[in-house]
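# Descriptive analysis of the structure
What follows is each chain in one-letter form.
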Amino acid sequence: MFMEVISIIISALALVVSIISFVKSNAAAKTANGLNQTANHLAQTANDLTQGQVEMQIRSMITSAKAHFAEMSNQLPANAGNETLKASVSAALEDVANAYDEACMKYLDGKVDKNRFKRAYINEIKNWVENDTVKDKYVMPQSKFHATVKVYNEWYNLEQ
């Protein structure tokens, strides 16, 4: 009889320890889930900030390249015979094309919010690629601006 009472007491203690362990592990799991959600939220916020920075860099890069091209082009009429200036204007035009291509690479790599990028650049890229001055740069397969061509085709060539 004494042994039965001790067995019952030990079993009851084991049950209490099991219940306490279950409650503590459940609380720890809830805490871990909360921390995981917080970490996910922080990671998303960091990603959003990074995308925003990349988008600002893209805008700055394009604006700067276009401003330099405009500045060089405005000097050309007064110096039409200046071959160095003509080469500089051509190089500045190439810089604008490179800026758009870099922006399109970021879009294709998912480094920017694709919907926001498309809203911001859909008309600008169309106008640039279809511009008589540069459209020969975007003829495939010889074009070196593959990212720009790919984005343009994604947005405007519905047959692909």
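Residues numbered from 1 in each chain as written. Predicted model: local features only at pLDDT ≥ 70, side-chain atom pairs only at ≥ 80, totals over all residues. Heavy atoms only, no water.

### Here's the deal with unusual backbone geometry
Operational definition: Under the DSSP-based scheme used, a helix requires at least four consecutive residues in state H or I and a strand at least two consecutive residues in state E, with every element numbered from the N terminus.
Note the cis peptide between Met-140 and Pro-141, where omega equals 10°. With respect to the secondary-structure elements, Pro-141 resides in the loop between α3 (114–129) and α4 (146–156).

### Description of helix α1 (residues 2–75)
Since the α-helix turns once every 3.6 residues, residues separated by three or four places project in the same direction. Put simply, the rule reads: Here, expected helix span is obtained from the residue count minus one, scaled by 1.5 Å. Burial status follows relative accessibility: with a 1.4 Å probe on protein chains alone, a residue under 20% of its type maximum counts as buried, one over 50% as exposed, and anything between as partly exposed.
For α1, built from 74 residues, the straight-helix expectation of 110 Å at 1.5 Å per residue is met to within 8% by its first-to-last C-alpha distance of 108 Å. Here α1 has its buried residues at Gln-51, Val-54, Glu-55, Ile-58, Ile-62, Ala-65 and Met-72.

### Some points on helix α2 (residues 83–108)
To keep things clear, this is the line we draw: Whenever two N or O atoms come within 3.5 Å, that pair is a polar contact, provided that in protein one can donate a hydrogen and the other can accept it, and provided that, for residues adjacent in sequence, both atoms are side-chain atoms.
If you check α2, its first and last C-alpha atoms are 37 Å apart, about what 26 residues at 1.5 Å a residue would give, namely 38 Å. Where α2 starts, the residue carrying a side-chain oxygen 3.0 Å from the main-chain nitrogen of Thr-84 turns out to be Asn-82. Just beyond α2, the residue with positive phi is Gly-110, at close to 75°.

### So, the packing of aromatic side chains
Rule in force here: Only Phe, Tyr and Trp rings are paired, with Trp represented by its six-membered ring, and only when their centres lie within 6.5 Å; those with planes under 30 degrees apart are stacked, over 60 edge-to-face, the remainder tilted. To sit over a ring, a charge needs its Lys NZ or Arg CZ within 6 Å of the ring centre and within 35 degrees of the ring normal.
Counted according to the given criterion, the structure contains seven aromatic pairs. Plain terms: the ring middles of Tyr-100 and Trp-128 are 5.4 Å apart, the flat faces sit at 35° to each other, and that makes the pair tilted. One end of the pair, Tyr-100, is in helix α2; the other, Trp-128, is in helix α3, and 28 residues separate them in sequence. By relative accessible area, which is 11% here, Trp-128 ends up buried. Aromatic rings pair up to connect Tyr-107, Phe-117, Tyr-121 and Trp-155 into one cluster. Stacked on the ring of Tyr-107, the Lys or Arg Lys-114 has its end atom at 4.8 Å from the ring centre. The residue whose ring lies beneath Lys-126 is Tyr-156, and the NZ or CZ to ring-centre distance is 5.7 Å.

### A few points about the nonpolar core
Stated formally: Here, the term nonpolar core denotes a set of buried Ala, Val, Leu, Ile, Met, Phe, Trp, Tyr and Cys residues that are joined through side-chain atoms within 4.5 Å.
By size, the foremost hydrophobic cluster in this structure holds 26 residues, and its most contacted members are Ile-58, Phe-117, Ile-125, Trp-128 and Tyr-138. Every element with two or more residues in this core is listed here: α1, α2, α3 and α4.

### Some thoughts on the packing of α1 against α2
How we decide: What counts as an axis is a line fitted to C-alpha atoms, over the stretch in contact for a helix, and the angles between N-to-C directions run from 0 to 180 degrees. Under this scheme an angle from 65 to 115 degrees is roughly perpendicular, one under 35 degrees roughly parallel, and one over 145 degrees roughly antiparallel; angles in between are oblique. Helix crossings get a hand from a simple test, with the near helix turned counterclockwise from the far one by less than a right angle marking a left-handed crossing and a clockwise turn marking a right-handed one. In this description, contact between two residues means that some pair of their heavy atoms is separated by no more than 4.5 Å.
At a minimum axis separation of 9 Å, α1 and α2 run at an interaxial angle of 165°. Regarding the angle of α1 to α2, the classification is roughly antiparallel. By crossing handedness, the relation of α1 to α2 is classed as left-handed. Only Leu-85, Ser-88, Val-89, Ala-92, Leu-93, Asp-95, Val-96, Ala-99, Tyr-100, Glu-102, Ala-103 and Lys-106 of α2 make contact with α1, whose side of the interface consists of Val-54, Ile-58, Met-61, Ile-62, Ala-65, Lys-66, His-68, Phe-69, Met-72, Ser-73 and Gln-75.

### Brief notes about the pattern of salt bridges
Short version of the rule: Salt bridges are counted wherever a side-chain nitrogen of Lys or Arg sits within 4 Å of a carboxyl oxygen of Asp or Glu.
Applying the stated criterion across every chain yields a total of nine salt bridges. Across the salt bridge formed by Arg-116 and Glu-55, the nearest N and O atoms sit 2.7 Å from each other. Here the residue Arg-116 occupies a position in helix α3, and Glu-55 occupies one in helix α1, the gap between them amounting to 61 residues. By relative accessible area, which is 36% here, Arg-116 ends up partly exposed. Among the salt bridges present, the one from Lys-135 reaches Asp-132, with a minimum N-O distance of 3.3 Å. On the basis of relative accessibility, which here comes to 65%, the residue Asp-132 falls in the exposed class. Among the charged side chains, a network of salt bridges with common partners joins Arg-59, Lys-66 and Glu-124.

Distances and angles like these do not, on their own, reveal function.
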